Amino acid sequence: MAVFAEDVNLAGYTTLRLGGPARRFVEATTEDEVIAAVREADDAGEPLLVLGGGSNLVVSDDGFAGTVLHVGTRGTERASAGGDTVLVRVQAGEDWDPFVARCVSDGLAGVECLSGIPGRVGATPIQNVGAYGQDVSETIVEVRAYDREERAVVALDRDACRFTYRHSVFKGNPRYVVLDVTYALHEAEESQPVAYAELARKLGVQQGDRVTLKEARHAVLELRRGKGMVLDPADPDTRSAGSFFTNPILDAAQLAELERRVAERLGPDAAFPRYPEAGGRVKTSAAWLIDRAGFAKGHARGPARISTKHTLALTNPGGAATADLLALAREVRDGVRDAFGVELVNEPVMVGVSL
C-alpha cells in the first residue's frame, strides 16, 4: 500500500539537497500504486511531480504545492531475443548504477559507459541519458508508461520516444509517467567500441577499440569521480545535479558568430571543441565556453559555487538555497552569452523556478 505524508521537505530527495516542502508526498512501490496515485491527483485537478532519484531536479525553495509521487518500484526481467541479444525489462524505480553494475557482472554490453550516473531507471529515457559516447537511446527498445490523457498503460517503441540529444517525447511533457524500460543488450565479454576520446585515452586504446566490460566501467567511474560526478556524501562537489548545462548545438550562422567571437577574444589561432551533428550542425563544449568566459572551477556566488573539479557542475557545498544556485547559473549563462553569443540551456528539470 502506498505511503502518504504531508509537508515533506524535498531537499532530502534531491542530490543538490535543495528544495522546499511538498504539500502531499506519496511513496509508491508497485505499478498499481503509481497509477492509482497519478489518477487520484488528476481526478482532484492537483499538480503532480514524479520523482525518482532526484539527481536531475532543481526545486523551488517554496517547494511544490501539489502531489509528489516518489517512484520506488523494483524488479528486473530478462529474456532472450535471439543470437547474443538479451532484452532486459527494468522497473522505473530501480537505481541506475547498480543496474549497470549487474549488466557488467552478467556480461551484458551496451550501458557500461553509463556507469556512475545517479538517479533511477525511469529517468533515463526522459533525458536520453548519455555519457562517454553512449546514450540510452541506443539500447532502449520499449518504454511502458501510464498515459494521463488516455488513462491507460501504453507501450512506446524507440521511434515513438522521439529521442534526440538529452531529450525525448517524455521531457517537459506531463502526459506520460514511465513505468518500466526495456533495453536490448548483448552478451559479450568486451564493451561496445570506445567512442569517446577522453575515455580512450584513459584506457590507453584507440577510439573504436573494445576493452572488457569491467575495464570500461572502472575507467568511466574513475573519470567521473575525478569530476565529482559520482555521489559521495564526504565530497561537497558531488552535491549537484550533474552537468547543469547541455552542450550547445549550433547552426551555420551561430557557428560563424562563435568563430568570430573566439578569434576576437582569444586570438586568431584559438580553437574550440567542435563535433559534427546531423543536418550540418556542430556541437561544442559548454564547459569550454564557461571556462573561457572567465568562470573557473570553484567560482562562487554567495554560498553556491561551480564545482572545484568540473566546470559544468553547479554545487551546493552547504548552506545554499535554490535562489543562490539560480543566481550563479544566471551569472554563468549571461557571461557566456556576452562573451561568445551562445545561449546555454539548463539540463536539469526546473520545478517552480526558471532561469
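Sequence order sets the numbering: in each chain, residues are counted from 1 along the sequence as written. Per-residue local features of the predicted model are confined to residues with pLDDT of at least 70, and side-chain atom pairs are confined, for both listing and counting, to 80 or more; whole-chain, interface and lining totals are unaffected and use all residues. Excluded from the side-chain calculation are hydrogens and water; included are all heavy atoms of the structure.

Going by an unreviewed UniProt entry, the protein carries the name UDP-N-acetylenolpyruvoylglucosamine reductase and comes from Actinomadura meyerae. For the protein, the Pathway (unreviewed entry) comment in UniProt is given as "Cell wall biogenesis; peptidoglycan biosynthesis." UniProt positions are given in the numbering used here, feature names are shortened, and annotations may be inferred rather than shown by experiment.

Before going further, it helps to examine the side chain of R144. As for its position among the elements, R144 is in strand β11 (residues 140-147). One polar contact links R144 to E31, side chain to side chain, over a distance of 3.0 Å. We call two residues in contact whenever any of their non-hydrogen atoms come within 4.5 Å of each other. For R144, the contacting residues outside a window of four places in its chain are E31, R89, V153, V154, A155, V177, V178, L179 and D180. Note on conventions: DSSP H or I runs of at least 4 residues are helices, E runs of at least 2 residues are strands, and numbering of each starts at the N terminus. Here a polar contact is taken to be a pair of N or O atoms separated by no more than 3.5 Å, where protein atoms must pair a possible hydrogen donor with a possible acceptor and residues adjacent in sequence count only if both atoms sit in side chains.

What follows concerns the environment of R305. Among the secondary structure elements, R305 is positioned in strand β19 (residues 304-306). Each C-alpha atom, one on R305 and one on N316, is 6.8 Å from the other, the two residues being eleven residues apart in sequence. Excluding residues within four positions of it along the chain, R305 makes contact with P236, D237, G298, H299, A300, A313, L314, T315, P317 and L328.

We call two strands paired when DSSP finds no fewer than two bridges between them. If you trace the four strands from one edge of the open sheet to the other, you get β14-β20-β19-β18, paired in antiparallel fashion. Since the sheet does not close on itself, it has two edges, and those belong to β14 (240-243) and β18 (300-301), each with one partner. Bridge count between β18 and β19: two bridges; the pairing is antiparallel. Counted as the bridge partner of R301 is A304 from β19. Note on definitions: angles span 0 to 180 degrees between N-to-C directions of axes, and those axes are lines fitted to C-alpha atoms, for helices only across the stretch in contact. The strands touched by helix α9 (residues 322-340) within the sheet are β18, β19 and β20 (313-315), with β19 carrying the most contacts at an inclination of about 40 degrees.

All right, on to the domain arrangement of the protein then. Segmentation of the protein into domains returns domain 1 (3-71), domain 2 (76-226) and domain 3 (236-351). Summarising the inter-unit geometry, the C-alpha centres of domain 2 and domain 3 are found 26 Å apart. Here the quantity called buried area is the accessible surface, traced with a 1.4 Å probe, that two parts lose on coming together, added over both. Between domain 2 and domain 3, a total of about 520 Å² is buried, with carbon and sulfur atoms accounting for 51% of that surface. The three residues of domain 2 that bury the most area against domain 3 are Q127, Y165 and G226, which together make up 71% of that side's buried surface. Salt bridges, as used here, are contacts in which a Lys or Arg side-chain nitrogen is within 4 Å of a carboxyl oxygen on Asp or Glu. Our count for the contact surface shared by domain 2 and domain 3 stands at zero salt bridges. Our count for the contact surface shared by domain 2 and domain 3 stands at two residue pairs in polar contact (both at pLDDT 80 or more). Lys, Arg, Asp and Glu make up the charged group, whereas Ala, Val, Leu, Ile, Met, Phe, Trp, Tyr, Cys and Pro make up the nonpolar group; the residues left over, Gly among them, are polar. Class assignment for the residues of the side of domain 2 that touches domain 3 results in one nonpolar, two polar and three charged. Start and end positions for the domains come from either an automated domain assignment or a database one.

Right, let's get into the UniProt feature "active site" (unreviewed entry) in the protein. Feature annotation in UniProt assigns "active site" (unreviewed entry) to the following positions: R166, S243 and E347. These residues run over 182 residues, yet every pair of their C-alpha atoms falls within 11.4 Å of each other. Leave out the neighbours within four places in its chain, and R166 touches Q127, N128, V129, G130, A131, D135, K171, T246 and E347. A polar atom in the side chain of R166 sits 3.1 Å from the side chain of D135. Tracing the backbone through its elements, the reader meets E347 in the loop between α9 and β21 (349-351).

We now examine the nonpolar core. By size, the foremost hydrophobic cluster in this structure holds 56 residues, and its most contacted members are L69, W96 and Y183. Ranked by residues supplied to this core, first place goes to strand β13 (residues 176-187) with seven residues. When residues of this core are assigned to domains, at least three map to each of domain 1 (3-71) and domain 2 (76-226). Apart from the residues lying within four places of it in its own chain, the contact partners of W96 are V111, L114, I117, G119, R120, V121, T124, V136 and Y183. Within this scheme, the nonpolar core is defined by two criteria: the residues are buried Ala, Val, Leu, Ile, Met, Phe, Trp, Tyr or Cys, and they are joined through side-chain atoms within 4.5 Å. Here's how the labels work: a residue is buried when its accessible area is under 20% of the maximum for its type, exposed when over 50%, partly exposed in between, all with a 1.4 Å probe on protein chains only.

Through backbone hydrogen bonds, the strands of a sheet pair up, either in parallel or in antiparallel fashion. The four strands lie next to each other as β1-β2-β5-β3, forming an open sheet whose pairing is mixed. Each edge of the open sheet is held by one strand with a lone partner, namely β1 (3-9) and β3 (48-51). Sheet twist, expressed as the mean angle between neighbouring strand axes with direction ignored, is 30 degrees. Pairing analysis gives six bridges linking β1 to strand β2 (residues 21-28), with the strands arranged antiparallel.

Moving on, we get to the packing of helix α7 (residues 252-266) against α9. The packing of two helices is summarised by the inter-axis angle and the distance between the axes. Relative orientation of the contacting elements α7 and α9 amounts to 85 degrees, with a least axis distance of 8 Å. When the axes of α7 and α9 are compared, the pair comes out roughly perpendicular. Residue-level contacts link L258, R261, V262 and R265 of α7 to R337, D338, A339 and F340 of α9. Across the contact of α7 with α9, the residue classes break down as four nonpolar, no polar and four charged. Put simply, angles under 35 degrees are roughly parallel, angles over 145 are roughly antiparallel, angles from 65 to 115 are roughly perpendicular, and the rest are oblique.

Each Phe, Tyr or Trp ring, with Trp reduced to its six-membered ring, pairs with another whose centre is within 6.5 Å; inter-plane angles below 30 degrees give stacked pairs, above 60 give edge-to-face pairs, and intermediate values give tilted ones. For the structure shown, the criterion picks out nine aromatic pairs. When the centroid spacing of 4.7 Å and the interplanar angle of 40 degrees are considered together, the rings of Y13 and F25 count as tilted. Highlighted residues: Y13 in the loop between β1 and β2 and F25 in strand β2, separated in sequence by twelve residues. Residue classification places Y13 among the partly exposed residues on the basis of a relative accessible area of 28%. For the pair W96 and F99, a centre-to-centre distance of 5.4 Å together with 55 degrees between the ring planes defines the contact as tilted.

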